[in-house]
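Working through the structure, step by step
Here is how the chains run, residue by residue.
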Amino acid sequence: MDPGSLATAAATAAAKALGAGLFKSAIPSWRWIYETIVRDPKAIRKFETWSETKAARHHQDKIASYLRSRKCASLLQMMAYLEVADHAQYQEVELRKDGEEKRIRRQAERDQLEFAFITELARKLRMTIKEVDPIAAPLWQTLCGDIAARTKAGLAKGEGTNQRAMHMVRVMRPVGAPGSTTKTSAATLRAEIPLSELMADRVDVLHSRIREQTRRQYKIVEMPHSTTEHFSSVDSVYVRRTLTMLPESASAVRAGGGVSGLRNITEPDIADTSCVVVGNPGAGKSTFVRKSLYDSSVASAWDDEGPCSIMIELKNYQDNSETITGALAREIARLLQEDVTKDEVVSLLRSGLMNVVFDALDEVANLEGRRRTAKAIQAFAFNYPLANILVTCRIETYSSAPLERKEFPVYELNEFDRAQVAEYSRRWFTIVEGSGNRGYAVSTRFLNQTDHLRDIRSNPLLLSLLCLLQRYDGAIPDSPSAAYAACAELLLIRWDRLRGVQLTVPAENRLRRLVEELASFFFLSEHPRDRASERLLRRVVQAAISRIVVADEESNHELEERFFEHCSGRGWVLTQFDRDERGDRVYGFAHRTLMEYYAGRYLARNARSTKDLADDLREMIVSGRSLVAPDVALRAYDATGDLERCVRLVANSTTEVAASTSLALFLLRFVAREDLAWDVVKLVFLGSLAVVASSPDYTLRQEVLAYSRQFSNRTRGEAERVLAEFDADGHHYSAMRYGAAYVLRIHETHPEFVLHNLRLGLTTISSVISDHGPGVFVAVPVYRPSSKQERSPTYTVGALVDSLDELSTTGLFPASFSEFAGTVGSDMWRIRIPNKVVAQRLKDGLEKALSSEKSAWRLRLHHWELQYEVSAFYSLGCIAAAALWELGSSFEAERLVREMWQVAGLPRTCDLSSIGGLGECLSELCARSGASRRGEDMFDMWSDSTISVLGVTTTTSRKI
């Protein structure tokens, strides 16, 4: 072994731990850190104690192996957590109380981690702790020193997000098991594992066996959708995927539809993170997960003792009655065919030796169930911070039950691009044709024949079916809808014919109807399910046959047998999952997308009325149950009913569309592909405008822009009409105005819409003040198209005035008010009041807060912990009083000042009989409330009539 490799391994271990901790919510950074490490071949051998120990040169291999292991990385990751928690930038938050006690506790945790490191290294070298301590202790200090330096530098550069860093602080707080009165930190729990030699050995054995069994289970795959059995290694079939890191909010969306911070990445980039992967139906999420499981079980140059991974299929975790650790123990026992205890699972998790995959959150049957499952996953992640967690979900369902974005960044599994389609088809045809040259030729022809179906073939599931159509038909359907129907038909009916098997159900139309009934039972019943026993399914089929089939046509019992044999044996409809407690076989649909396809056909065929169908589809879309079934139902209904009326009823109203991001997205995409009347297009467009104002969904914003461009001649005029006619007051109309501004691309220039950007996280308070002045938080100019501009601009009250109502109701300063007060500072005196309406509304809000028992006590001047907020409150009050006086409402100005004077607790009375006395009172109130000297000077000059507080605030307002 090269003498420098041990030093390299040590530096890599520190860098990797730092990457897994500080940068866990972003693209892992430890690889580039590794590349910048200064490698000193003699670094470790410079330890004076090296030559005095029994750690001879050949022990370097074992030391390096341990340094690359997940065990070592987990200890160092805990050290990185501790470093962040103790960093000066966060001490004020975490150590405000009992600071010394917490510092002592953290030092004890550091000592525990060091002892765990020495113990584990001694076990690895088969030496005693006393023998290994002289080399292990300085090695640990070197690693920790590297982590401390890199943590400090990384935080200083902003490379670790504040949210992630604060999460580390929270993780390091003591936590207790359910029902336990004692609390222990995650660091201590990790350090305690090597203290029990029996448990440590058991953990090592389990870890090794799980990796081996996972590798065996996922190494060989059957070629999807081929007419004969083709087994091949997963690496020869699988096409590497790309993912898009979705923005945390709409703040990533910029003018021109561009995105800041939106990145395309590859699979290895998320291998060391906890995250959510979303994708469209048939996008290959489950295949992606299984390849990830296989990859994690294979030793790599980076990590030859990496963590094992276990998958929980969430469709088997419907009622949340079992803990996640219990479910993991059950899955491991099934994999290894031996009993595994929860304590053993917990030890694997706390050692950082196990990662967990939660597959298909969307397959938890109902919305409340999905939300409970999401909360359970978040609690699990908090209890076991060293475990990387991957959650998969359909993209249209995820927004209804999301996980915390700061801890679980969201990546979209991209559809195949042309290069990936070409690679997949070449691999597919090479395997089924048995010849590389012939496979390449056929795949080339296939790409040319499917060029008009680029949207469909980019979906991996549909691509594999199109490959099969090409293989045996030599032709491809000429339209997208025909291609979709052909794929479903292929799985249901033509599959047997292509394999030379006689169809057991003679009437094809009857077969389709019966499959629709099965899909309805699974997907549309009062209690939807993914699986059912054979006994129950046969009863469902019998009931369907009695309704569909004429009694004397043939034996219903014989038809039931034929149908069930076809669907469960080789029809790619039903697949057996298990047996129930009675021993009956348990079946479910082989492809969820196929189930939803036939459920959609069932809905269209059996709709009692157009309104009933529309109501059912709307509920399905809004709840996130499916977008496939409503799309299929509408297209099937088009052949027999009034499609435009049905779409209009699904949308129902602009308010209904505005209330649901998923409904707006569905309708935008559906209407864009259909030739519908303008009133339907307009209804969907107006509803989507309001959604843009309330939703951080990047995909929705892009769809709205694409929709407006497609119907540009009319949508632009409609957006201008909204801005010209709709009032800025009222939540719904205000939201539609913002959506119209977004379509017209003026949402980043006019103050009315810039403030809405602030609410969405698109900009910052400091940027708004710099560009538009602080007055826009009190009085907001209303935008009108050039043809409707008035000589005197119209104003509506700003966010600060609205926040005063919250202060009087709750007794607490809203976060928006506190942030404004801390940012504006002395710029408060640039605020001007444009008219009497704004002055009156501001005065009413101030008086309401002053008279409320909940808020008045907070406004007394002894609340120095609220100094910025109290100062800002009285500064606004002084400006409002001066404005009222100038506007001729001297009585109201005097009353407001007296109320402020009384609540503030000032000792003497004030003379309000003249403008000079009022100015003196306002100047003193500014001084007593902690406002800047500029406030006092302002009201001295105001009382001399040198300046006015009326007018329009601008970025160039004259400064005092």
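This one's a predicted model, so the numbers in the text were calculated from it and none came from an experiment.

Parameters at a glance
Residue numbers restart at each chain and count upward from 1, following the sequence in its written direction. Per-residue local features are limited, in this predicted model, to residues with pLDDT of at least 70; the limit for side-chain atom pairs, both in listing and counting, is 80 or more; totals at the level of whole chains, interfaces and linings are taken over all residues. Hydrogens and waters are ignored; side-chain quantities use all the structure's heavy atoms. The numbering of helices and of strands both runs from the N terminus, where a helix is a DSSP run of H or I of at least 4 residues and a strand a run of E of at least 2. Partly exposed residues are those whose accessible area sits between 20% and 50% of the maximum for their type, while under 20% is buried and over 50% is exposed, using a 1.4 Å probe and protein chains only. In the sections that follow, a salt bridge refers to a side-chain nitrogen of Lys or Arg positioned within 4 Å of a carboxyl oxygen of Asp or Glu. Between rings of Phe, Tyr and Trp, where Trp is taken as its six-membered ring, a pair exists when centres lie within 6.5 Å; planes separated by under 30 degrees are stacked, by over 60 edge-to-face, and by other angles tilted. Whether a charge lies above a ring is judged from NZ of Lys or CZ of Arg, which has to be within 6 Å of the ring centre and within 35 degrees of the ring normal. Residue contacts are counted whenever heavy atoms from the two residues lie within 4.5 Å of one another. One less than the number of residues in a helix, times 1.5 Å, gives the span that helix is expected to have. Strand pairing requires that DSSP identify at least two bridges connecting the strands. Patch rule: a residue counts if its relative accessible area is over 30% and it has no salt bridge; like charges are joined within 9 Å, and nonpolar side chains (Val, Leu, Ile, Met, Phe, Trp, Tyr) within 5 Å. Using a 1.4 Å probe, accessible areas were evaluated by the Shrake-Rupley method; residue-level cover was limited to the displayed protein chains. Neither His nor the chain termini are counted; the positive set is Lys and Arg, and the negative set is Asp and Glu. Where a charge sits is defined by one atom per residue type, namely NZ (Lys), CZ (Arg), CG (Asp) or CD (Glu). Among the buried residues, those of types Ala, Val, Leu, Ile, Met, Phe, Trp, Tyr and Cys that are joined through side-chain atoms within 4.5 Å form a nonpolar core. Known as pLDDT, the predictor's per-residue confidence is scaled from 0 to 100. Cavities and pockets are defined on a 1 Å grid built over the protein atoms alone: a cavity is a set of grid points where a 1.4 Å probe fits but cannot escape, while a pocket is an open set with protein on both sides within 12 Å along at least five of seven lines, and lining residues are those with an atom within 4 Å of any such point. Grid points are joined across faces, edges and corners, and a volume is the space filled by probe spheres set on the points. Charged residues are taken to be Asp, Glu, Lys and Arg, nonpolar residues to be Ala, Val, Leu, Ile, Met, Phe, Trp, Tyr, Cys and Pro, and polar residues to be all remaining types, Gly included. Think of a polar contact as two N or O atoms within 3.5 Å of one another; within protein, one of them needs to be a possible hydrogen donor and the other a possible acceptor, and neighboring residues in sequence only count if both atoms come from side chains.

**Here we look at the side chain of N757**
By the element assignment, N757 lies in helix α35 (residues 751–760). Judged by its relative accessible area of 4%, N757 falls in the buried class.

**Points about the pattern of salt bridges**
Under the criterion given, the structure shown has 42 salt bridges. Of the charged contacts in the structure, one is a salt bridge between E313 and R290, with a shortest N-O distance of 3.6 Å. Note that E313 is positioned in strand β6 (residues 308–313) and R290 in helix α12 (residues 285–297), a separation of 23 residues in sequence. Relative accessible area serves as the criterion here: at 25%, E313 is assigned to the partly exposed category. R290 gets classed as partly exposed once you look at its relative accessible area, which sits at 25%. Here R538 and E560 are joined by a salt bridge, their closest N and O atoms 2.9 Å apart. Remark: E560 occurs in helix α24 (residues 556–569) and R538 occurs in helix α23 (residues 534–548); sequence separation between them is 22 residues. Of the two residues examined, R538 and E560, each falls in the buried class. Through salt bridges with shared partners, one network takes in D235, R240, E267, K291 and D295.

**Comments concerning the packing of aromatic side chains**
Evaluated as defined, the whole model comprises 15 aromatic pairs. Ring centres of F521 and F522 lie 5.5 Å apart, and the angle between their planes is 70 degrees; this geometry places the pair in the edge-to-face category. Look at Y597 and Y598: their rings are 5.0 Å apart centre to centre, the planes differ by 90 degrees, and that puts the pair in the edge-to-face class. Comparing Y597 with Y598, the two get one shared label, buried. Of the aromatic side chains, those joined through ring pairs into one cluster are F358, F380 and Y384. For the cation-ring pair, R625 lies above F523, with the distance from its terminal atom to the ring centre recorded as 4.6 Å. The positively charged end of R745 is found above the aromatic ring belonging to Y742, 4.5 Å away from the centroid.

**A word on the side chain of T392**
Secondary-structure assignment places T392 in strand β8 (residues 389–394). Relative accessible area serves as the criterion here: at 1%, T392 is assigned to the buried category. Ignoring sequence-local partners within four residues, the contact set of T392 consists of V277, V289, F358, D359, A360 and L361.

**As for α12**
An ideal rise of 1.5 Å per residue puts 18 Å on 13 residues; α12 measures up with 19 Å between its terminal C-alpha atoms. Looking only at α12, the buried set comprises K285, F288, V289, K291, L293, Y294 and S297.

**A short note on the pairing of strand β9 (residues 410–413)**
Of the two faces of β9, both are covered, the one formed by V410 and E412 as well as the one formed by Y411 and L413. Strand direction decides the pairing type here: strand β3 (residues 242–245) and β9, joined by three bridges, are antiparallel. Within β9, the residue paired with T244 across the bridge is E412. When strand β5 (residues 275–279) meets β9, the two strands line up parallel, connected through three bridges. What sits directly across from V276, in β9, is V410.

**Focus on the environment of G916**
Relative to the elements of secondary structure, G916 occurs in helix α43 (residues 915–928). Given a relative accessible area of 33%, G916 falls into the partly exposed group. Counting along the chain gives 27 residues from G916 to S943, while the straight-line C-alpha distance between them is 5.0 Å.

**Some words on a negative patch on the surface**
A surface patch of like charges, here negative, comprises D911, E920, D940 and D944. For E920, a relative accessible area of 49% puts it in the partly exposed group.

**Some words on the nonpolar core**
Core analysis: the largest hydrophobic core is formed by 116 residues, its most contacted members being V515, L537, L574, F589, V647 and L667. The greatest single-element share of this core, amounting to 11 residues, is contributed by helix α31 (residues 678–694). When neighbours within four sequence positions are excluded, L667 is seen to be in contact with V647, V650, A651, V657 and V684. In this structure, L755, V797, L884 and L918 belong to the second largest nonpolar core, which totals 65 residues.

**Some details on the confidence of the model for the chain**
Residues of the chain with pLDDT of at least 70 account for 75%, and the chain-wide mean is 75. Model confidence for the chain, summarised as mean pLDDT per element, is weakest for helix α2 (residues 30–35) at 35 and strongest for strand β7 (residues 354–359) at 93. Taken together, the stretch residues 88–97 has pLDDT below 50 and engages in 19 contacts with residues farther than four places along the chain or on a different chain. A low-confidence stretch, residues 159–183 stays under pLDDT 50, and its non-local contacts, those more than four residues away or across chains, total 60 contacts.

**Looking at empty space enclosed by the protein**
Space left empty within the atom packing is revealed by a probe, the size of a water molecule, rolled over the atoms. With the rule as written, the count across this model stands at five cavities of 30 Å³ or more. Every residue along the wall of the second largest cavity is listed here: L461, L462, L465, Y484, C487, A488, L491, H591, T593, L594 and Y597. Counting residues per element, the ones that place at least two in the lining of the second largest cavity are α20 (460–473), α21 (480–498) and α25 (592–606). Per-element accounting of the lining of the second largest cavity gives the leading share, four residues, to α21. Grouping the amino acids of the lining of the second largest cavity by side-chain chemistry returns nine nonpolar, two polar and no charged.

**Topic: the environment of E752**
Mapped onto the fold, E752 is located in helix α35. Sequence separation of E752 and Y783 is 31 residues, and the distance between their C-alpha atoms is 6.7 Å. Reaching out from E752, the side chain makes a polar contact with the side chain of R737 at a distance of 2.8 Å.

**Here we look at the pairing of β7**
The buried count for β7 comes to six of six residues, which makes it a mostly enclosed element. Burial along β7 is two-sided: M354, V356 and F358 facing one way and N355, V357 and D359 facing the other are all buried. Note that β6 and β7 share six bridges and pair parallel. Paired with M311 across the two strands is V357, which belongs to β7. Pairing of β7 with β8, which is carried by three bridges, proceeds in the parallel orientation. Looking at β8, one finds that V357 is bridged to L390.

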